[in-house]
Amino acid sequence: MGDYRVLNTRAPRVDAVAKATGQAKYADDFSMPGMLHAAILQSPVAHARILHIDTSKAKKLAGVKAVVTSREAGLIKYGVSPARYDETLFAHDKVRYVGDEIAAVAAFDQATAQEALSLIKVDYEELPAVFDMFEAMKEGAPQIHAEFPGNMNAEVHQEFGDTEAALASCDYVVNHTFLNKRQDAAFIEPHSCLAVFDPSGRLTLYTSTQVPHYVMRTVAMTLQIPVGNVRVVKPYVGGGFGPKCEATPLEMSCGLLAKITGKPVKMTYTREQVFLHSRARHQFFAEMSLGVMKDGTMVALKNKAVLDGGAYTSFGIATVYYSGSLLGGPYKLRSMKYDGYRVYTNKPACGAQRGHGGVAHRACFEQLIDMTAEKIGMDPIEMRLKNIMTTGDMTVNELDMSSLGMKECIETIKAGSDWDNKKGKLPRGKGIGMACGFFVSGAGYPIYRSDTYHSTVVIKLSEDGGVANVLTGSAEIGQGSDTTMAMIAAETLGIPLDNVRVYSGDTDYSVDLGAYSSRQTLMTGHATKQAAEEIRNKIALYLSEELDVPVASITFSDGIVKFDGGAGNFDKLRTNYIKEHRGWTDPPSGEYLTFREAARLAYLKAGTIVGTGKYKPPKLGGSYKGAAVGTSPAYGCSAQIVEVSVDLETGQITIDAMTDAHDCGLAINRTSVEGQMQGSLSMGLGECLFEQVKFDSRGRIINPSLGEYKIPTALDMPKVKSIIVESNEPNGPYGAKEVGEGAIMPTIPAILNAIYDATGVRVNELPVTSERLFMTLKKKAEEA
Amino acid sequence: MLLPRFDYYEPATLEEALRLLSEMGGNARVIAGGTDLLVRMKLKVEKPGYLISLRKIPGLDAIVRRENHGVTIGPAVTAAELSRNELLLDRFTPIALAAGRLGAPVVRNRATIGGNLVNARPAADLPPACMVLDATLKLKSFSNEREIPVGEFFRGPGQTVIEPNELLVSIFAPIPAPWTGGAYIKLGARKALEISMVNVAVILTLQSPQGPIIDAKIALGAVAPTPVRAFAAEEFLIGRQPSDDVFAQAGVIGVGMCEPITDHRGTMEYRCLMIETLTSRALRQAYEKALTWKP
Ligand SMILES: Cc1cc2nc3c(=O)[nH]c(=O)nc-3n(C[C@H](O)[C@H](O)[C@H](O)COP(=O)(O)OP(=O)(O)OC[C@H]3O[C@@H](n4cnc5c(N)ncnc54)[C@H](O)[C@@H]3O)c2cc1C
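Positions within a chain are numbered from 1, following the residues in the order the chain's sequence is written. To label them, take the chains in the order written and letter them from A, then take the ligands in the order written and number them from 1. Under the rules for a predicted model, residues below a pLDDT of 70 receive no local features and side-chain atom pairs below 80 are neither given nor counted, while totals for whole chains, interfaces and linings still include all residues. Based on all heavy atoms of the structure, the side-chain values leave hydrogens and waters out of the count.

Trainee: It is not clear to me how the overall build of chain A should be interpreted in this structure. Could you clarify?
Mentor: By definition, any uninterrupted DSSP run of H or I lasting at least four residues is a helix, any uninterrupted run of E lasting at least two residues is a strand, and each is numbered from the N terminus. A count of helical and extended segments in chain A gives 21 helices and 26 strands. Put simply, the radius of gyration uses C-alpha atoms, and a globule should come to 2.2 Å times the residue count raised to 0.38. Taking 784 residues into account, the globule formula puts the C-alpha radius of gyration at 28 Å, and chain A, at 28 Å, falls close to it. C-alpha extents for chain A along the principal axes are approximately 90 × 75 × 50 Å. Think of it in three bands: residues with accessible area under 20% of the maximum for their type are buried, residues over 50% are exposed, and the middle band is partly exposed, with areas taken using a 1.4 Å probe on protein chains only. In chain A, which comprises 784 residues, the proportion classed as buried is 63%. Throughout, a contact is declared for two residues whenever any of their heavy atoms are within 4.5 Å. Here the contacts in chain A between residues at least 6 apart in sequence split such that 80% fall between residues at least 24 apart. Areas reported as accessible are Shrake-Rupley estimates using a 1.4 Å probe. Residue values count occlusion only from the protein chains shown. When the accessible surface of chain A is summed, it comes to about 27,700 Å², and 51% of that surface belongs to carbon and sulfur atoms. This count recognises Lys and Arg as positive and Asp and Glu as negative, with His and chain-terminal groups excluded. Taken as the charge centre is NZ of Lys, CZ of Arg, CG of Asp or CD of Glu, depending on the residue. Here chain A contributes 82 positive and 90 negative side-chain charges, whose respective centroids are spaced 2 Å apart.

Trainee: I'm lost on the site of the ligand in this one. Help?
Mentor: Residues and elements named next belong to chain B. Near residues are defined by distance, with any heavy atom within 4 Å of the molecule or strand qualifying the residue. In the vicinity of the ligand, 30 residues are found, and the nearest of them are Val30, Thr35, Asp36, Thr112 and Asp125. Polar contacts, as used here, are pairs of N or O atoms within 3.5 Å; protein pairs need one atom able to donate a hydrogen and one able to accept it. Residues neighboring in sequence count only if both atoms are side-chain atoms. At 2.6 Å from an oxygen atom of the ligand is found a side-chain nitrogen or oxygen belonging to threonine 35. At 3.0 Å from an oxygen atom of the ligand is found a main-chain nitrogen or oxygen belonging to glutamate 194. At the level of elements, β2 (28-31), α2 (37-42), α7 (113-119) and β10 (167-174) are the ones that each hand at least two residues to the shell around the ligand. No other element matches α7, which puts four residues into the shell around the ligand. Three classes are used: nonpolar for Ala, Val, Leu, Ile, Met, Phe, Trp, Tyr, Cys and Pro, charged for Asp, Glu, Lys and Arg, and polar for all others, with Gly counted as polar. A per-class count over the shell around the ligand returns 15 nonpolar, eight polar and seven charged.

Trainee: Just checking my understanding: could you explain helix α21 (residues 770-783) of chain A for this structure?
Mentor: Every α-helix carries 3.6 residues per turn, so stepping three or four residues along brings you back to the same face. To estimate how far a helix should extend, the number of its residues minus one is multiplied by 1.5 Å. Its 14 residues place the ends of α21(A) 20 Å apart at the C-alpha level, agreeing with the 20 Å of an ideal helix rising 1.5 Å per residue. The set of residues buried in α21(A) consists of A:Ser770, A:Glu771, A:Leu773, A:Phe774, A:Met775 and A:Leu777. Lining the buried residues of α21(A) we find β24 (635-646), β25 (653-663) and α20 (747-759) of chain A together with α11 (268-291) of chain B.

Trainee: Hey, could you run me through the domain arrangement of chain A in this one?
Mentor: Interfaces are often sized by the amount of accessible area the parts lose when they come together. Residue and element names in this part refer to chain A. An automatic or database domain assignment is the source of the domain bounds shown. By domain assignment, chain A separates into domain 1 (27-127 + 188-239 + 244-277), domain 2 (283-445 + 622-783) and domain 3 (453-615). Each of domain 1 and domain 3 has a C-alpha centre, and the two are 41 Å apart. On the side of domain 3, 16 residues touch domain 1, which itself brings 16 residues to the contact. Of the roughly 1,300 Å² buried at the junction of domain 1 and domain 3 (both faces included), carbon and sulfur atoms supply 53%. Buried area: the accessible area, evaluated with a 1.4 Å probe, that two parts lose upon being put together, summed over both parts. The largest contributions to the domain 1 side of the interface with domain 3 come from Gln210, His213 and Lys234, which together make up 38% of the buried area. Salt bridge criterion: a side-chain nitrogen from Lys or Arg within 4 Å of a carboxyl oxygen from Asp or Glu. Seen at the junction of domain 1 and domain 3, the total is three salt bridges. For the salt bridge of arginine 231 with aspartate 508, the shortest nitrogen-to-oxygen distance reads 3.4 Å. Summed over the shared surface of domain 1 and domain 3, the number is eight residue pairs in polar contact (both at pLDDT 80 or more).

Trainee: How should I be thinking about the pairing of strand β4 (residues 63-66) of chain B in this particular structure?
Mentor: On any regular strand, side chains alternate: one points to one face of the sheet, the next to the other face. Residue and element names in this part refer to chain B. Pairing between strands is defined by DSSP: at least two bridges between the two strands are required. The pairing of β4 with strand β5 (residues 70-73) spans four bridges and is antiparallel. Directly across from isoleucine 63, in β5, lies its bridge partner isoleucine 73. Hairpin connection, β4 to β5: the antiparallel pair is bridged by three residues, and glutamate 67 has positive phi, about 35 degrees.

Trainee: Would you mind going over the sheet that holds strand β6 (residues 121-126) of chain A with me for this structure?
Mentor: Hydrogen bonds between backbone atoms are what pair the strands of a sheet, whose relative direction is either parallel or antiparallel. Residue and element names in this part refer to chain A. Within the open sheet, the three strands sit side by side as β4-β2-β6. Their pairing is antiparallel. Strands with a single pairing partner mark the edges of an open sheet, and in this sheet they are β4 (94-95) and β6. For strand β2 (residues 48-54) and β6, the ladder comprises six bridges, and the chain directions are antiparallel. Directly across from isoleucine 50, in β6, lies its bridge partner tyrosine 124.

Trainee: Is there a simple way to think about helix α1 (residues 14-24) of chain B in this case?
Mentor: All names here are of chain B. Where α1 is concerned, the buried positions are Ala17, Leu18, Leu20, Leu21 and Met24. Angular distribution of buried residues about the axis of α1 spans 160 degrees; they occupy a single face of the element. Exposed residues on α1 whose side chains face more than 90 degrees from its buried face are Glu15 and Glu23. Among the structural elements, β1 (7-9), β2, β3 (50-53), β6 (136-140) and β10 are those in contact with the buried residues of α1. In this description, the arc belongs to the directions extending from the helix axis to the C-beta atoms.

Trainee: When you look at the pattern of salt bridges in this model, what are you seeing that I'm missing?
Mentor: Pairing of side chains with opposite charge becomes possible as their charged atoms draw close. Residue and element names in this part refer to chain A. Following the criterion strictly, the structure yields 69 salt bridges over all chains and no others. A salt bridge links aspartate 295 to lysine 386; the shortest N-O distance between them is 3.8 Å. Remark: lysine 386 occurs in helix α12 (residues 380-386) and aspartate 295 occurs in the loop between β13 (283-292) and β14 (298-310); sequence separation between them is 91 residues. In this structure aspartate 295 comes out as partly exposed when scored by relative accessible area, which is 42%.

Trainee: I'm lost on the sheet that holds β1(B) in this one. Help?
Mentor: All names here are of chain B. The parallel open sheet is built from three strands, whose spatial order is β1-β3-β2. The strands lining the two open edges of the sheet, one partner per strand, are β1 and β2. For this sheet the average axis-to-axis angle between neighbouring strands, irrespective of direction, equals 25 degrees. In the sheet, β1 pairs with β3 via three bridges, with the strands oriented parallel. Within the sheet, the bridge partner assigned to tyrosine 8 lies in β3 and is leucine 51. Fitted lines through C-alpha atoms serve as axes, helices being fitted only where they are in contact, and the angles separating the N-to-C directions of these axes extend from 0 to 180 degrees. Packing against the sheet, α1 makes contact with β1, β2 and β3, and its axis sits at approximately 165 degrees to β3.

Trainee: Before we go on, may I ask you to explain the interface of chain B and chain A in this structure?
Mentor: Opposite the 23 residues of chain B that make contact, chain A presents 26 residues. Buried area between chain B and chain A, summed over both chains or domains, comes out near 2,000 Å², and the portion from carbon and sulfur atoms is 54%. Contact with chain A buries area across many residues of chain B, yet B:Arg190, B:Lys191 and B:His264 alone supply 34% of it, more than any other trio. Across the contact surface, chain B and chain A share five salt bridges. With its nearest N and O atoms 2.7 Å apart, the salt bridge here joins B:Arg281 to A:Glu649. Where chain B touches chain A, the interface holds 13 residue pairs in polar contact (both at pLDDT 80 or more). A per-element tally of the side of chain B that touches chain A places α11(B) first, with seven residues. Here the side of chain B that touches chain A is built from residues that sort into 12 nonpolar, five polar and six charged.

This is the structure we're talking about:
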């Protein structure tokens, strides 16, 4: 790989000091003179007709400035994908889950707002409710949306090749089913928003989001403000993982209340409201058959999915497509059939979460591969390698693996974990397992149909020539995208990282679709690189004209300009610069012309120096229905090996070690890549062993807190060996691609395969609590 | 989430605290670490008009050795302190181990033994440990003082015999006999920040390293409305030679003392099976610890 000065290092994050010292401001830290505090009234029942809403008492309470319901908000439908706009800001005819929003109030302080909520009287006529996705599909089940009979929110049917015929021709067909549980993303910072409506008619939202651009559009649409008059600013964000990928009732309510009162309005969700808003990982049921030949060649995969969507669509259309399309690789298949169903139930809506749509089905598939390998007497790694795709391969569903270090990932973890000496050789109670996976580096298409660029970036040099200011609408949400963009700009301009400042997360800066589908490194990265190149070219052109040297002879690195690789003759420029700065104490010295001198002089000649960059993927994918979902300019991939100990007397599982390899193309920042890899592991571990949002018989969440919804603690995490594999992605900036989500794909099946190795039982339902494993072991012992 | 309104007092003497308690009666709550109380207040389960802090009262956070007969633990001693106290680790092992499994470091730095006992949650960590050590609780009001064996303290979930005007002022535990060992095991979903699905504290006394068992105490948490002693299992053990088989049988008998419930953390069936397994496991650990006893 190239000889980089800034890229591929372990540069400290650009926001490290602000965060470590507490200077970093999050949405809830914001305050303004005259600011009002808002609160939302949410339905206490899962399914009911709203007969009457009486807000008169609440309005009369001293300190209350506004009370709004659907009457004030209107009934404009919104959602994530225009094909399924099925939400209104406030429920008007029906509530569809415990937590459905009915009204909002703005008051002097939070206590008054809460009291006002308690004074709003809603008459409900309760309706029968349905909480289980299979029940919801049955005839006679309560109907949640009149427009969607049978509670069928979305159906997908895709087939590539003749799957039944292919399965019939196989030596073995192995079947498996799998059920995960609804998750919460458990980010640390609850959603929070401050809305300011200025007299000129402009609405500004300071909000904790992954997608300022989409929030801007949705809020403009629902509040009927021209889109150019809505500005969304994302301060520092304490995690998103997917559920912060869409506009929330919190943001829209704050905006509406600010518009009505003319005062700044702030609201922050409680942890319970975060659970109620949800939009996190669906519950998936997977049913699969894999057909193989005796020698281990994979031939055909049949895959069915049922998704519990909750009461609204959110990202669900994409989710139900992803559960099919993301099994196209990384193994060669001759045919693949997919049938997916997303079902409405009277629970909070599910949406996108890290590994969107792919995680549960990947878990089922990778278990199935191990089961098949066992059946034909083959080492599971050997079987995977036999079928592995490599760079340049195309999946049956036409996803183009323009770079794919899958084989390298598998080989490196095999060596790194001493697999050969452990697999099949560990005592009972100890096990080792592995799995693979891949993921998109940004969705090929925006969520709404448009020819928009996915990312634009503006870089403006400061007029003193010293600093490159990168302006981008992209969203730093803790993943390190500001640092990534700073590094790309610094490398491209040939200046030290300290001389770059990133201004991000503001819809006024540029268009950027935001932090989802692992897209920013590739897409915002491209735009940043292009903007920096334009600046570099402008300065080179200026120098070329001034010094009468060819542009091609000029290079920039470490803040220094070289001519034909040497100092060149730039005396004239230095003299000019020093004249410009007579009396200054830090005249430039040294044998080379500095970037700062060149940039300052170029400004004197031509005015402020600005570069712009833009990126949108080329047209991708096949022409079949749904071909757009799963397409990406590039795919990251990973393989993991997990070692476990199982306490056979209690069923308790300890993850002893994890070895993890990920191909992210060029690792822009090695520490950040490892951070994403390890964060993915911990999230996958939690989903596998502990996490489940639980409901009582009336659809109320039993465990809406981080005390009772159990994510892994530091003590639950094993030692992790993270190995970065770097293919060179032709479609990525400097060869870079994703790591944020792909790294979670193998974790759950690798753990499950290790548990099987340790105990001889296959668990096909999550979470694998000690009780679930113990009872499965007991049942097996009783049957024997 | 907002706290309800309350007035806050920080009396500097025990007497002052007791006087405030007697004047305010049922409308006041004592606050120690606040890790239970403040959570319940935020959830509006409790709305006391007054909080009386123990912070400034001297001596309540001390662990004092009583020569050769026992230890007195102040109610405001934190779980962190209990878990690293040498005397407790050596002679009163279940208390130190249970305290080390309570919550996570940030919680242990605030959570107190007094709060844990008075709070009386069926799954709490310290009550079973105090029960096997035969602890006595001293309760004091402005005009009265009484001592209650910890086994008689709990009445039900969140319910104890303490009166609104009383303060728990100390916990006394007699020093166990020679050749005694103790153990504590907690079963939860993850390795920290857990509410027990089952927990068990055990004390085992041998006549000599060669046996037999001359005393045994077993207490179980999260298996009934209050922590319970497994008396029948204890009686079974006394007089027997320690062995894995004997410990396993004691585990089976121990289950008979329990009436665990099914809730979202675990089923009754699994809990019963785990009582059996963990009781015999804890007995084995206590036995191994007893063998290392030093004068
Ligand atoms: C995140 C978290 C994790 C937790 N994990 C565990 C766990 O693993 N195991 C466990 O057992 N508990 C756990 N708890 C509960 C709690 O931390 C413990 O019960 C703790 O010991 C309570 O002590 P405290 O000093 O904070 O009590 P406080 O909240 O101050 O008081 C609790 C109750 O006791 C009363 N009280 C306190 N001291 C006295 C006194 N001297 N006299 C009379 N009344 C008194 C108070 O009035 C109040 O009613 C956890 C709590 C949290 C928030």
